[in-house]
Amino acid sequence: MDIAVLIFLTSGLFLGWSLGANDAANVFGTAVGTRMIRFSTAAAICGVFVILGAVISGAGAAHTLGRLGSVNALAGSFMAAFSAGLAVYVMTKFGLPVSTTQAIVGAIIGWNLFSETLTDTNAMTKILATWVVSPLLAAVIAILLFKLVTRVLRIAKLHILRTDAYTRLGLVLAGAFGAYSLGANNIGNVMGVFISSSPFTDFSLAGWVNVSSVQQLFLLGGLAIAVGVVTYSKRVMLTVGGGLLPLSPVAAWVVVMAHSIVLFLFASQGLERLLASYGLPTIPLVPVSSSQAVIGAVLGIGLLKGGRGLRWRLLGGIGAGWLLTPVIAGVVCMVGLFVMQNVFNQQVYRPVAYEISQPVIDRLARAGMAPGAISGLEGRRFASAVRFDRALDAKERLGPEDKAKLMAYAELDEMTIDPGRLGLVETGWLTIGQTRALRRLSGRTFTHKWMLAEALMEESAGWKPLADNMANKAYNKELGDKLDFLYRTFRAAR
Amino acid sequence: MALFRRTKALENEIDEFLDKLSESALVFRQAIELYLSDGPGAGFDEKLRQVNELESRADQLRRGIETQLYSQTLIPESRGDVLGLLENLDSILNLLEGTLWGFSIETPDIPEEFVKDYRGLTEMAVLSVEAIVMASRAFFRDHETVGDHMYKVMFYEKEADKVSTKLKREIFGQADLHLSHKMHLKSFTEHIDNVADKAEDVADRLSIYAIKRSI
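Remember, it's a predicted structure, so these values are computed and weren't measured experimentally. All residue numbers refer to positions counted from 1 along the written sequence of the respective chain. Both sets of labels track the order of writing: A upward for chains, 1 upward for ligands. Where totals are concerned, whole chains, interfaces and linings use all residues; where local detail is concerned, this predicted model gives features only for residues with pLDDT of at least 70, and gives and counts side-chain atom pairs only at 80 or more. Neither water nor hydrogens contribute to the side-chain values; these are computed over all heavy atoms in the structure.

## Points about the overall build of chain B
Right, on to step 1. Scanning chain B for helices and strands turns up 6 helices and 0 strands.
Right, on to step 2. By residue count, 51% of the 215 residues in chain B fall in the buried class.
Right, on to step 3. Of the contacts formed within chain B by residues at least 6 apart in sequence, a portion of 80% connects residues at least 24 apart.
Right, on to step 4. Each accessible area value is a Shrake-Rupley result obtained with a 1.4 Å probe; residue values ignore everything except the protein chains displayed when judging cover. Working note: accessible area of chain B is about 9,800 Å², and carbon and sulfur atoms make up 53% of it. In DSSP terms, a helix is any run of H or I states spanning at least four residues, a strand is any run of E spanning at least two, and both are numbered starting from the N terminus. Throughout, exposure labels follow a simple rule: accessible area from a 1.4 Å probe, protein chains only, divided by the maximum for the residue type, with under 20% read as buried, over 50% as exposed, and the rest as partly exposed. We call two residues contacting when some pair of their heavy atoms lies within 4.5 Å.

## Regarding the side chain of B:Thr99
Right, on to step 1. Relative to the elements of secondary structure, B:Thr99 occurs in helix H3 (residues 79-106).
Right, on to step 2. Apart from the residues lying within four places of it in its own chain, the contact partners of B:Thr99 are B:Phe28, B:Phe188, B:His191 and B:Ile192.

## What to know about the pattern of salt bridges
Between side chains of opposite charge, pairing is possible as soon as their charged atoms come close.
Right, on to step 1. For this document, the term salt bridge refers to a Lys or Arg side-chain nitrogen within 4 Å of an Asp or Glu carboxyl oxygen. Scanning all chains against the criterion turns up 28 salt bridges over all chains.
Right, on to step 2. Between A:Glu411 and A:Lys449 there is a salt bridge whose closest N-O contact spans 3.4 Å. Separated by 38 residues along the polypeptide, A:Glu411 in the loop between helix H15 (400-410) and strand E5 (415-416) and A:Lys449 in helix H18 (residues 449-459) bring together distant segments of the chain.
Right, on to step 3. The partner of B:Glu46 in a salt bridge is B:Arg49, with the nearest N and O atoms 2.8 Å apart. Of this pair, B:Glu46 and B:Arg49 both sit in helix H2 (residues 42-71), 3 residues apart, which is roughly one turn of the helix.
Right, on to step 4. We classify B:Glu46 as partly exposed; its relative accessible area is 33%.
Right, on to step 5. One continuous salt-bridge network, built from bridges that share partners, spans B:Asp59, B:Arg62, B:Glu66, B:Glu87 and B:Asp90.

## Some thoughts on the environment of A:Arg488
Residues and elements named next belong to chain A.
Right, on to step 1. Looking at the element boundaries, Arg 488 is found in helix H19 (residues 473-490).
Right, on to step 2. Residue Arg 488 is classed as partly exposed on the basis of its relative accessible area of 25%.
Right, on to step 3. Distance in space between the C-alpha atoms of Arg 488 and Met 415 is 9.0 Å, their sequence separation being 73 residues.

## Concerning a nonpolar patch on the surface
Right, on to step 1. A cluster of nonpolar side chains, A:Val327, A:Val331, A:Val335, A:Phe338, A:Val339, A:Val343 and A:Phe344, forms an exposed patch at the surface whose accessible area comes to about 660 Å².
Right, on to step 2. With respect to the helices and strands, A:Val339 occurs in helix H12 (residues 312-342). Note on patches: the residues involved have over 30% relative accessible area and no salt bridge, like charges join within 9 Å, and the nonpolar side chains Val, Leu, Ile, Met, Phe, Trp and Tyr join within 5 Å.

## Quick notes on the interface of chain A and chain B
Right, on to step 1. The partner chain B presents 23 residues to the 19 residues of chain A that form the contact.
Right, on to step 2. What gets called buried area is simply the loss in accessible area from a 1.4 Å probe that two parts show on being joined, summed for both. For the pairing of chain A and chain B, the buried interface totals around 1,900 Å² over both sides, and the portion due to carbon and sulfur atoms is 61%.
Right, on to step 3. When the buried surface of chain A facing chain B is broken down by residue, A:His159, A:Ile160 and A:Leu161 rank first, second and third, together holding 37% of it.
Right, on to step 4. Where chain A meets chain B, there are 3 salt bridges.
Right, on to step 5. With a shortest N-O distance of 2.9 Å, B:Glu144 and A:Arg154 are connected by a salt bridge.
Right, on to step 6. Here a polar contact is recorded for every N or O atom pair within 3.5 Å, except that within protein the pair must consist of a potential hydrogen donor and a potential acceptor, and residues adjacent in sequence are included only if both atoms are side-chain atoms. Across the chain A-chain B interface, the total number found is 5 residue pairs in polar contact (both at pLDDT 80 or more).
Right, on to step 7. Side-chain classes follow a simple rule in which Ala, Val, Leu, Ile, Met, Phe, Trp, Tyr, Cys and Pro form the nonpolar group, Asp, Glu, Lys and Arg form the charged group, and the remainder, Gly included, forms the polar group. Per-class residue counts for the side of chain A that touches chain B are 9 nonpolar, 3 polar and 7 charged.

## A closer look at the packing of helix H6 (residues 121-156) of chain A against helix H9 (residues 249-265) of chain A
When two helices pack together, their arrangement is given by the angle between the helix axes and by the axis-to-axis distance.
Residues and elements named next belong to chain A.
Right, on to step 1. The angle between two axes is taken between their N-to-C directions and runs from 0 to 180 degrees, where each axis is a line fitted to C-alpha atoms and a helix contributes only its stretch in contact. Two elements in contact, H6 and H9, have axes whose closest approach is 8 Å; the angle formed by their N-to-C orientations is 135°. Classified by the angle between their axes, H6 and H9 sit oblique to one another. Crossing handedness for the pair H6 and H9: right-handed. For the pair H6 and H9, the contacting residues are Ser 134, Leu 137, Ala 138, Ile 141, Ala 142, Leu 145, Phe 146, Val 149 and Leu 153 in the first and Val 250, Ala 251, Trp 253, Val 254, Met 257, Ala 258, Ile 261, Val 262 and Leu 265 in the second.
Right, on to step 2. For the contact of H6 with H9, a count of residues per class yields 17 nonpolar, 1 polar and no charged. Angle categories: roughly parallel below 35 degrees, roughly antiparallel above 145, roughly perpendicular from 65 to 115, and oblique for all the rest. A crossing counts as left-handed when the near helix is turned anticlockwise from the far one by less than a right angle, and as right-handed when that turn is clockwise.

## Brief notes about H3(B)
Right, on to step 1. Each helix should span, by expectation, one fewer than its residue count multiplied by 1.5 Å. With 28 residues, H3(B) should cover 40 Å at 1.5 Å per step; its first-to-last C-alpha distance of 40 Å lies within 8% of that length.
Right, on to step 2. Directly after H3(B), the chain includes B:Thr107, whose backbone phi takes a positive value near 30°.

## Examining the packing of H9(A) against helix H11 (residues 290-304) of chain A
Residues and elements named next belong to chain A.
Right, on to step 1. Packing of H9 against H11 brings their axes to within 9 Å, and their N-to-C directions diverge by 135°. Classed by the angle they form, the pair H9 and H11 counts as oblique. At the point where H9 passes H11, the crossing takes the right-handed sense. Contacts from Ala 251, Val 254, Val 255, Ala 258, His 259, Val 262 and Leu 263 of H9 reach H11 at Ser 290, Ala 293, Val 294, Ala 297, Val 298 and Ile 301.
Right, on to step 2. Of the residues that constitute the contact of H9 with H11, the class distribution is 11 nonpolar, 2 polar and no charged.

## Notes on the packing of aromatic side chains
All names here are of chain B.
Right, on to step 1. Centres within 6.5 Å are what make two rings of Phe, Tyr or Trp a pair, Trp counting through its six-membered ring; a difference in plane orientation under 30 degrees is then read as stacked, over 60 as edge-to-face, and the rest as tilted. Under the definition given, this model contains 11 aromatic pairs over all chains.
Right, on to step 2. For the ring pair Phe 139 and Phe 140, a centre distance of 5.5 Å and an interplane angle of 70° mean the geometry is edge-to-face. Phe 140 shares its class with Phe 139; the two are buried.
Right, on to step 3. Charge-over-ring contacts are defined here by two conditions on Lys NZ or Arg CZ: a distance within 6 Å of the ring centre and an angle within 35 degrees of the ring normal. Sitting over the face of the ring of Tyr 70, Arg 79 holds its NZ or CZ atom 4.6 Å from the ring centroid.

## Details of the environment of A:Trp450
All names here are of chain A.
Right, on to step 1. Residue placement: Trp 450 occurs in helix H18.
Right, on to step 2. In this structure Trp 450 comes out as buried when scored by relative accessible area, which is 11%.
Right, on to step 3. C-alpha of Trp 450 to C-alpha of Val 360: the two residues are 90 residues apart in sequence and 9.7 Å apart in space.
Right, on to step 4. Once residues lying within four places of it in the same chain are set aside, the contact partners of Trp 450 are Pro 359, Val 360, Arg 363, Ala 408 and Tyr 409.
Right, on to step 5. One polar contact links the side chain of Trp 450 to the main-chain carbonyl oxygen of Tyr 409, over a distance of 2.8 Å.

Okay, structure coming up:
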């Protein structure tokens, strides 16, 4: 592995460390703060479950972040993660509650602006909406859960010591669940920007378990989070335990539960599949902020008790912090990218050009797009997504769907199926039919992603996506992941 | 599951401590009854011995409970309250024991006309102790019903005050008693009345603890 790659990854690890130091406090802060669980116990449980969550179910939320902006050069990923980590660290220094999600989103938008990449407004709205929805949802869940628990306790008439023992056990279980969800949901923040430029290659353990490069990345990120938990989260945990609304141990449990449920809802691929299989609408898989979920849950309990004891001024400060964090991260990222590019002479993004060539025009016609939509642009080449977008807008207003299609087909991405690199993809992840199809394309060069995808489809039915419905969503998504993996592997170095 | 086994054992110890306090109050009533009817003697001494034993067992239980609460960091929110409650209940037990020792050592001579009031005063003191034991049990298991027992403690304490005031007035109203005798009788009136007063003090604290638990 290249040494430079390791150096670049350190910023992701820094971000992971700061996330562990801060967000772990959301999971176990109230438990440790109320002295129900010892810090060492909390740190051990938290570390183990964060790593498990990151590796086992981290891929879901990371996908959305990957779509928001495909930071496609390692130096760019470094800067995005570093500026987000710095924003988190600075906010912590000033004692402001941190949202790692917002920091990374801000940093990615900073990169998008710098590299003239279009910000996917659809993914953006999805993420912004969850920033409003997740605290509200956490508040509602906390209120309902708290009412339920107090009612059960009233009926059960447990001994004070028995209640204490159950609450303790509940806090451990909820904390483990919370740590798992934190790992699954927020690993996308830590390592998501590195996915497109992952230095790892997929490998398979004895042909049974496929460990993707993403999972290896996430394991590394999970370890960084765990180190953050063990080394630096104690003080933050004690602050959270005492600084928020004074909570009883039972209320502390309700807060952790509500927070974990919200994080889980937004990260679970299993739940998505389950909902889809019954034909129900699914919840978008988006990285949500655990700080927001916790604050929402505490707010819910505070309101349930009539709003007394809640520090409204502090809540106002938190709200301001939520707006400020992405701005700081975005600005730091842009300045940092400029310095990286011009002082250290690093490639911080891989330019993505667009061209409306004859094959593209033919393909668009087959996709059912009116030829008038692109008239006058034939044969022209655009150096960036933003410029292409501007040219399209100047001509004629296209619907967002048509525009996305046009962008996808016109994107230049030259790749050659290098026979020497074929070994890298034979890890057992691709099916035999898929691998054979790929081998038959050996030596050929493609100028667009869709060309490779179509050539593969011609060679094998195994590369054809199934009908676009909820039940097939998971299969098609995996197919897309496999194609992304091929694009990364065979992309011509530029 | 070891956690729950330990919890169960500790619950039992707290229950046993409260049992000992309640039992001591009942034996206290028997002892005073024996003293008032038969004067000092073997019967009274036996009851005194029983209260002594109950008191030392209760002390032992209390220390064990307190040590476990702190060494295992149990009920971090309420352990200070539980500690205060147990020590105050223990001081009621000490008052019961001290009063009986007073009877045993000083053997007060109680004239026939005061016996009925001493009996009544003892009854009120014992009932207040029983009520505070009930309130304490409720605090541990079902804190919302603490109030149901609390008003009884207050009621018995007031009754005890009325009886003791009346008794003291009558004692000092007697022309044929020496002042020293009057003072002696007064001090025993106060000994017994103190038990009810202490029960009320504990009840006042307990009502605060119960409010804290409900938040």
